[in-house]
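The residues making up each chain are set out below.
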Amino acid sequence: YARSEVGPYHLKESSIVYKVDQKKILLDLCHSDSPLDKGCSYGEYNERDIANKITLKVKQLLEAEGIEVTLTRNEGETISIAERIKLANSADYNYYISIHINSSGTENQGTGLEAFSCGAWSISNSIIKELQNEFNYKNRGIFESEFYNKRINDRSTLLEIGFLNNEYDRNNLVNHQEQYAAAIARGIINQLNKE
């Protein structure tokens, strides 16, 4: 099975990226619980727009490798937390993945990666490891989820992939979205291929 190239950036040779059988991922387009919900903000930037651009690139890369991807909502639509939970608990998939961006109380204080898992420790670790290798980020830890995905059946993770109010993180989040997406996709595929 030959790997597919997607646009100007593709999955690196450094990782296993071969399709073994049909896998399914439920990807969340974060925030938009209401039309005004943009997540955290810094100057002209907001979490929802940046994280969801990366999420859509991840979708494209996974689909190019033969993985079936479903989104929790269409772009421009709103979806409540309760609706996300209901959808996730009734859908057929290997993992539920929600990609977010962090923020700290003081500018340039927080940096790095975190995951909040409900029964998805291995894939959380796989994705964080790939992002660490790509951007030399600090791994802040993988924790039992305290967020809404703790109410989703096992195999869900909520990722925090950098800090919007940290200059280094923000530069990567804004200017290197293809690399972000490729690293996340590699982490997902590597774990799926172990199962």
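Just above, that's the structure.
Residue numbers run consecutively from 1 along every chain, following the written order of its sequence. Where local features are concerned, this predicted model is filtered to residues with pLDDT of at least 70; where side-chain atom pairs are given and counted, the filter is 80 or more; whole-chain, interface and lining totals use all residues. Heavy atoms throughout the structure, all of them, feed into the side-chain values; hydrogens and water do not.

Peer 1: When you look at the sheet that holds strand E7 (residues 139-144) in this model, what are you seeing that I'm missing?
Peer 2: Strand pairing in a sheet is mediated by backbone hydrogen bonds. Such pairs are either parallel or antiparallel. Following DSSP output, two strands are said to pair if at least two bridges run between them. Each helix is a run of DSSP H or I of at least 4 residues and each strand a run of E of at least 2, with the numbering of both proceeding from the N terminus. What the six strands build is an open sheet, ordered E4-E1-E5-E8-E6-E7; its pairing is mixed. Across the chains shown, the open sheet's two edge strands, defined by having one partner strand only, are strand E4 (68-71) and E7. Between one strand axis and the next, the sheet turns by 20 degrees as a mean value, whatever way the strands run. By the bridge criterion, five bridges tie strand E6 (residues 113-118) to E7 in an arrangement that is parallel. Along E7, the bridge assignment pairs Glu-114 with Gly-141. Whenever a helix is involved, its axis is fitted only over the stretch in contact; in every case the axis is a line through C-alpha atoms, and angles between N-to-C directions fall within 0 to 180 degrees.

Peer 1: Got a minute to help me understand the nonpolar core in this structure?
Peer 2: Ranked by internal contacts, the top residues of the largest apolar core, which has 38 residues, are Ile-25, Val-58, Leu-62, Ile-97, Leu-131, Ile-161 and Ile-188. Only strand E1 (24-28), helix H1 (47-64), strand E5 (95-102), E6, helix H3 (121-135), strand E8 (156-163) and helix H5 (177-192) provide two or more residues apiece to this core. It is H5 that provides the largest number of residues to this core, a total of nine residues. Should any heavy atoms of two residues lie within 4.5 Å, those residues are counted as being in contact. Excluding anything up to four places from it in sequence, Leu-62 contacts Ile-25, Ile-67, Val-69, Ala-185, Ile-188 and Ile-189. Core analysis: the second largest hydrophobic core is formed by nine residues, Leu-26, Tyr-93, Tyr-96 and Phe-116 among them. In this description, a nonpolar core means a group of buried Ala, Val, Leu, Ile, Met, Phe, Trp, Tyr and Cys residues linked to one another through side-chain atoms lying within 4.5 Å. Relative accessibility thresholds used throughout: buried, under 20% of the residue-type maximum; exposed, over 50%; partly exposed, between the two (1.4 Å probe, protein chains only).

Peer 1: Even after reading the chapter, I still don't get the side chain of Asp-28, so can you show me in this structure?
Peer 2: Relative to the assigned elements, Asp-28 resides in strand E1. In terms of polar contacts, Asp-28 uses its side chain to reach the side chain of Tyr-148, at 3.2 Å. If near-sequence neighbours (up to four positions away) are discounted, Asp-28 is found in contact with Asn-52, Thr-55, Thr-72, Arg-84, Tyr-96, Ile-97, Ser-98, Ile-99, His-100 and Tyr-148. Distance and chemistry together define a polar contact, namely a pair of N or O atoms within 3.5 Å, with one atom able to donate a hydrogen and the other to accept it when in protein, and with adjacent residues in sequence counting only for side-chain atoms on both sides.

Peer 1: Help me understand the pairing of E6 in this model?
Peer 2: Across the six residues that make up E6, a large majority, six, are buried. Side chains Leu-113, Ala-115 and Ser-117 of E6 all project onto a buried face; the interleaved residues Glu-114, Phe-116 and Cys-118 project onto the opposite face, where all are buried too. After leaving E6, the chain enters H3 and then returns to the sheet as E7, a path that is right-handed. Handedness of a crossover: with both strands directed away from the viewer, a clockwise path from the first strand across the helix to the second marks it as right-handed.

Peer 1: Is there a simple way to explain the side chain of Thr-157 in this structure?
Peer 2: Summarising the element assignment, Thr-157 is placed in strand E8. Side chain to side chain, Thr-157 and Ser-124 meet in a polar contact 2.7 Å long.

Peer 1: What is the right way to look at the pattern of salt bridges in this model?
Peer 2: As a working rule, side chains carrying opposite charge can pair if their charged atoms are close by. Salt bridge, as used here, is a side-chain nitrogen of Lys or Arg placed within 4 Å of a carboxyl oxygen of Asp or Glu. Taken as a whole and judged by the stated rule, the model has nine salt bridges. Across the salt bridge formed by Lys-24 and Asp-92, the nearest N and O atoms sit 2.8 Å from each other. Of the two residues, Lys-24 is situated in strand E1 and Asp-92 in the loop between helix H2 (81-90) and E5; the sequence distance between them amounts to 68 residues. With its nearest N and O atoms 2.8 Å apart, the salt bridge here joins Glu-63 to Lys-59. In this pair, Glu-63 and Lys-59 are both assigned in helix H1, four residues apart and thus about one turn of the helix distant. Classification of Glu-63 by relative accessible area gives partly exposed; the value is 36%. In this structure, a network of salt bridges that share partners links the residues Glu-130, Glu-134 and Arg-186.

Peer 1: Looking at this model, I keep getting lost on the packing of H1 against H5. Mind explaining?
Peer 2: Helix-helix packing is described using two parameters, namely the angle between the two axes and the distance between the axes. In contact at an axis separation of 8 Å, H1 and H5 are set at 50 degrees when each is read in the N-to-C sense. The pairing of H1 with H5 is recorded here as oblique in orientation. Here H1 runs over H5; the crossing is right-handed. Facing Ile-50, Lys-53, Ile-54, Lys-57, Val-58, Leu-61 and Leu-62 of H1, the residues of H5 in contact are Gln-177, Glu-178, Tyr-180, Ala-181, Ala-182, Ile-184, Ala-185, Ile-188 and Ile-189. Throughout, the ten residues Ala, Val, Leu, Ile, Met, Phe, Trp, Tyr, Cys and Pro are labelled nonpolar, Asp, Glu, Lys and Arg are labelled charged, and all others, Gly among them, are labelled polar. Here the residues of the contact of H1 with H5 sort into twelve nonpolar, one polar and three charged. Just so you know how the angles are binned, under 35 degrees is roughly parallel, over 145 roughly antiparallel, 65 to 115 roughly perpendicular, and the rest oblique. A crossing counts as left-handed when the near helix is turned anticlockwise from the far one by less than a right angle, and as right-handed when that turn is clockwise.

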